[in-house]
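Listed here are the chains, written in short residue letters.
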Amino acid sequence: MLTKAPRGTKDITPKEAYKWNYVENKFREVCSLFGYEEMRTPVFEHTELFKRSVGDTTDIVQKEMYSFKDKGERDITLKPEGTAGVVRAFIENKLYADTQPTKLFYMTPCFRYERPQAGRQRQFHQFGIEALGSDKPSIDAEVIALAVQFFNEVGLKDLAVSINSVGCPTCREKYNAKLKEYLDSKVDVLCETCLDRKDKNPMRVIDCKNPTCQENIKDIPFMIDHLCEDCSTHFDKVKEYLTEMDVNFVVDKTIVRGLDYYKKTAFEIISNDIGSQSTVCGGGRYDGLVEQLGGPKGLSGIGFAIGAERLLLTLENNNIEIKNPQATDIYIATIGEAAKIKSFKILKDLRYNHISSENDHLDRSIKAQFKYSDKINSKFTIVIGDDELANDTATLKNMATSEQTTIKLSEIVKELQDRL
Ligand code: ATP
Ligand code: MG
């Protein structure tokens, strides 16, 4: 037990960590190109925050949260997603008082108690953005374009961007009445969960993963066919701006976000590149959320979340290789204690000049030291013994070409600077 991490969690060892650094850096870079700044929020929040924002009727809140009472009897939950914390922080830090919009990004671990499988863990990571304070369709298009550019930059080119509109309270009220009527006529074929959704959150029936439900509700009415004029114009504008940015998209009527404060644009991005079947990014507009969480009225928001594990899996499935940038510039092999002592002076000079370097820490034979030098992928190796110390000369070996050069030990920094 002590040597086994909890089910659904994974270590990210150095063999993987450089890939994480790569995608994280790319995400930062692309966010910065669009003017999004980082927001970091706590890993745990008050449970109530997620109940209110993610929604009481969702699988996340009903089945998947890591909730507990802390020693002060507070109800605490490890964040199952990134938006709630960011919006809470936006309100608490009064970022709404500044000139709007506020454009934020985050990278965070998330926690959901789910059955672990490929691309599904109990601790996983999300990269996301939230654009707050604008209800205009231009920011919807910007948010989608940012996600697309990020995927393109990490090498995923064949993307299916699906967009939809889930309307607003005005059009949804009429639509929900139609939907209820339709669902009432289907009560004997709906699954248990959908029967429950029918009354609490009817639009989510469309999202049911149960194949029989899918089969039986093929002619269900969709929100997009019943939009009010405002929502319809908004949607048209989003499409127009996306087209201008050469973002290929399709309208998918089945994308839903069931909670009241979700409004207008909803979208998903799926990678069509070989081997991936799952959504790598989901997002949408949540115009009522700020108010719902106690912030000022009428402040809109839109964002997305990318599942980082699924992104990395997709890259792997598509043989998109990420190079490990870690290679040591020079390994200093030593023979005898005098050389070992001297190597510390050399190492210090090299490292202060930003030349990465290592020496032996196990008093190994020269052969074993060379083996280690291979393991760390060093670009150069040098051997220092009593003779080298006495003459201030040593042989520098280029590990890639096997070329050997005699250099002055006292000039090693310059010699390497010329060669790296
Ligand atoms: P799914 O239908 O696969 O459960 P979801 O609708 O629960 O996904 P969101 O809540 O929209 O997912 O989360 C955004 C993204 O986070 C997903 O598209 C996915 O890439 C990722 N994700 C969600 N749950 C997990 C998990 N348990 N492990 C790894 N990644 C996850
Ligand atoms: Mg889920």
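No experiment lies behind these values; they were computed from the predicted model shown.

J.: Sorry if this is basic, but what is going on with the overall build of the protein here?
T.: Along the protein, the regular secondary structure elements total 15 helices and 16 strands. Against the globule reference of 22 Å for 420 residues, the protein gives a C-alpha radius of gyration of 28 Å, more extended than a compact globule. Along the first, second and third principal axes, the C-alpha set of the protein runs to 95 × 50 × 45 Å. The burial tally for the protein puts 47% of its 420 residues in the buried class. Sequence-distant contacts in the protein: of pairs separated by 6 or more residues, those separated by 24 or more amount to 70%. Per element, the accessible surface of the protein, about 22,200 Å² overall, is 48% carbon and sulfur.

J.: What am I meant to see in the site of ligand 1 here?
T.: Around ligand 1, the neighbouring residues are R112, E114, G119, R120, Q121, F124, Q126, T279, G307 and R310. T279 is positioned such that a nitrogen or oxygen atom in its backbone is 3.4 Å from an oxygen atom of ligand 1. A breakdown of the residues in the shell around ligand 1 according to their chemical character gives one nonpolar, five polar and four charged.

J.: Please explain the sheet that holds strand β6 (residues 123–132) as it appears in this structure.
T.: Sheet strands pair by backbone hydrogen bonding; their relative direction is either parallel or antiparallel. Here we have eight strands laid out as an open sheet, ordered β1-β5-β6-β11-β10-β9-β7-β8, and mixed in their pairing. Each having just a single partner strand, β1 (37–38) and β8 (249–251) make up the two edges of the open sheet. In terms of strand pairing, β1 meets strand β5 (residues 102–111) through two bridges, oriented parallel. Bridge pairing in β5 links E37 to L104.

J.: Can you help me understand the packing of helix α5 (residues 137–153) against helix α9 (residues 229–244) in this one?
T.: Working note: a packed helix pair is described by the angle between its axes plus the distance between those axes. One way to put it is that α5 packs onto α9 with a least axis distance of 8 Å and a crossing angle of 45°. For the element pair α5 / α9, the angle class is oblique. The hand of the α5/α9 crossing is right-handed. Of α9, the residues touching α5 (which contributes P137, S138, D140, A141 and I144) are H234, K237, V238, Y241 and L242. Taken together, the residues that form the contact of α5 with α9 break down as six nonpolar, two polar and two charged.

J.: Hey, could you run me through the side chain of R197 in this one?
T.: The topology assignment puts R197 in helix α7 (residues 192–200). No salt bridge forms around the buried R197; measuring N to O, its nearest opposite-charge neighbour D59 is 4.7 Å away. When neighbours within four sequence positions are excluded, R197 is seen to be in contact with P202, R204, V205 and C208.

J.: Quick question: what am I supposed to make of the packing of aromatic side chains here?
T.: One pair of aromatic rings is described through two measures. These are the centre distance and the angle between the planes. Under the criterion given, the structure shown has 10 aromatic pairs. With 6.5 Å between their ring centres and 70° between their planes, F27 and F304 make a pair best called edge-to-face. Here the residue F27 occupies a position in helix α1 (residues 14–33), and F304 occupies one in strand β11 (residues 301–307), the gap between them amounting to 277 residues. When its relative accessible area of 0% is taken as the criterion, F27 is described as buried. Note on F304: relative accessible area 2%, which makes it buried. Plain terms: the ring middles of F90 and Y96 are 6.1 Å apart, the flat faces sit at 70° to each other, and that makes the pair edge-to-face. Its relative accessible area of 25% is what places Y96 among the partly exposed residues. An aromatic cluster is defined as three or more aromatic residues linked by ring pairs; in this entry it consists of F27, F105, F127, F150, F151 and F304. Taking the ring centre of Y113 as reference, the NZ or CZ of R122 above it sits at 3.9 Å.

Quick notes on the rules
- Residues numbered from 1 in each chain as written.
- Chains lettered and ligands numbered in written order.
- Predicted model: local features only at pLDDT ≥ 70, side-chain atom pairs only at ≥ 80, totals over all residues.
- Heavy atoms only, no water.
- Helix = DSSP H or I, 4+ residues; strand = E, 2+ residues; numbered from the N terminus.
- Rg over C-alpha atoms; globule rule 2.2 N^0.38 Å.
- Buried < 20%, exposed > 50% of the residue type's maximum accessible area, 1.4 Å probe, protein only.
- Contact = heavy atoms within 4.5 Å.
- Areas by Shrake-Rupley, 256 points an atom, 1.4 Å probe, with all protein chains shown as cover.
- Near = heavy atom within 4 Å.
- Polar contact = N/O pair within 3.5 Å; in protein donor to acceptor, adjacent residues only side chain to side chain.
- Nonpolar A, V, L, I, M, F, W, Y, C, P; charged D, E, K, R; others polar.
- Pairing = 2+ DSSP bridges.
- Axes fitted to C-alpha atoms, helices over the stretch in contact; angles between N-to-C directions.
- Parallel < 35°, antiparallel > 145°, perpendicular 65-115°, else oblique.
- Left-handed = near helix turned anticlockwise from the far one by under 90°.
- Lys, Arg positive; Asp, Glu negative; His and termini not counted.
- Salt bridge = Lys/Arg side-chain N within 4 Å of Asp/Glu carboxyl O.
- Phe/Tyr/Trp six-rings, centres within 6.5 Å; stacked < 30°, edge-to-face > 60°.
- Lys NZ or Arg CZ within 6 Å of the ring centre and 35° of its normal.

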